[in-house]
Amino acid sequence: MITVDSTLAAGAWVGDPVHSDISFKVRHMGVGKVRGTFALASAVLSVGEDGGQVSALIDSASVYTGNEQRDQHIRSADFLDVETYPQIEFTSTEVRGFDGGSFILVGSLTLHGVTRTVGLEAEFLGVVDDPSGARRTGFSATTTISRAAFGVDIQLGFGAGNVVVADTIEIAIEIEFTTTGPDPRCPPW
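If you're wondering where the values come from, they're calculated on a predicted model, not measured in any experiment.

Criteria and thresholds
- Residues numbered from 1 in each chain as written.
- Predicted model: local features only at pLDDT ≥ 70, side-chain atom pairs only at ≥ 80, totals over all residues.
- Heavy atoms only, no water.
- Pairing = 2+ DSSP bridges.
- Helix = DSSP H or I, 4+ residues; strand = E, 2+ residues; numbered from the N terminus.
- Phe/Tyr/Trp six-rings, centres within 6.5 Å; stacked < 30°, edge-to-face > 60°.
- Buried < 20%, exposed > 50% of the residue type's maximum accessible area, 1.4 Å probe, protein only.

Draft legend 1. Quick peek at the pairing of strand β6 (residues 102–111). Sheet topology places strand β5 (residues 87–96) next to β6; 7 bridges connect them, and they run antiparallel. Residue pairing across strands places T91 opposite S108, the latter belonging to β6. Counting the residues in the hairpin turn of β5 and β6 gives 5 residues, including G97, whose phi is positive at 65°. Counted along the chain from β6 to the antiparallel partner strand β7 (residues 114–129), the turn is 2 residues long, and its residue H112 has a positive phi close to 60°.

Draft legend 2. Inspection of the packing of aromatic side chains at higher detail. Counting across every chain of the model gives 6 aromatic pairs. Summarising the aromatic geometry, the rings of F24 and F38 are spaced 5.5 Å apart at their centres and angled 40° between planes, so their arrangement reads as tilted. A residue pair is termed long-range when its members are at least 10 positions apart, and F24 in strand β2 (residues 21–28) and F38 in strand β3 (residues 32–48) qualify at 14 residues. Of the two residues, F24 and F38, neither departs from the other in class, the shared state being buried. Ring centres of F124 and F139 lie 5.3 Å apart, and the angle between their planes is 40°; on these two criteria the pair is classed as tilted. Taken together, the residues span a long stretch of sequence, with F124 in strand β7 and F139 in strand β8 (residues 135–146) at a distance of 15 residues. On the basis of relative accessibility, which here comes to 14%, the residue F139 falls in the buried class.

Purely geometric stuff here, so don't read any function into it on its own.
What follows is the structure, given as structure tokens:
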């Protein structure tokens, strides 16, 4: 039986890329949404007596939407320009309104060479001992950003002022951290 508690011990917690998911949705031609994911390159959650901080790096070239032609276009200079900007970076600066479960995580998001402050609506999912004996914790978070605010302002239009790719990007994050880092013995599910 797995027992989840709410004790987040002080120290460094390491992101587990195998059990984390960074996904996005964007409106397509005004009538649908295209979904995609990115791979978590690394993340660290530092917890101290006066609170905590999280930093994460995402591999820009890891974008995956299920269509290689679209993925290559997103990697190009029209969108992410991964050759110039190979990483997306987030560093938290503040936690607002933590009630034991929900909170707002405020931080600096650097995308396409531009840094902006964003707020993520987050949820603390608890702490558990995993099969390897390490402590494991998880969080869910969502936010919405404007791609133009980060310098990704390509306008692909069709007919009567309609756009192929909307400006608003919905982001959803599921992330797990462990006290010892990812363990290859821990099943990938």
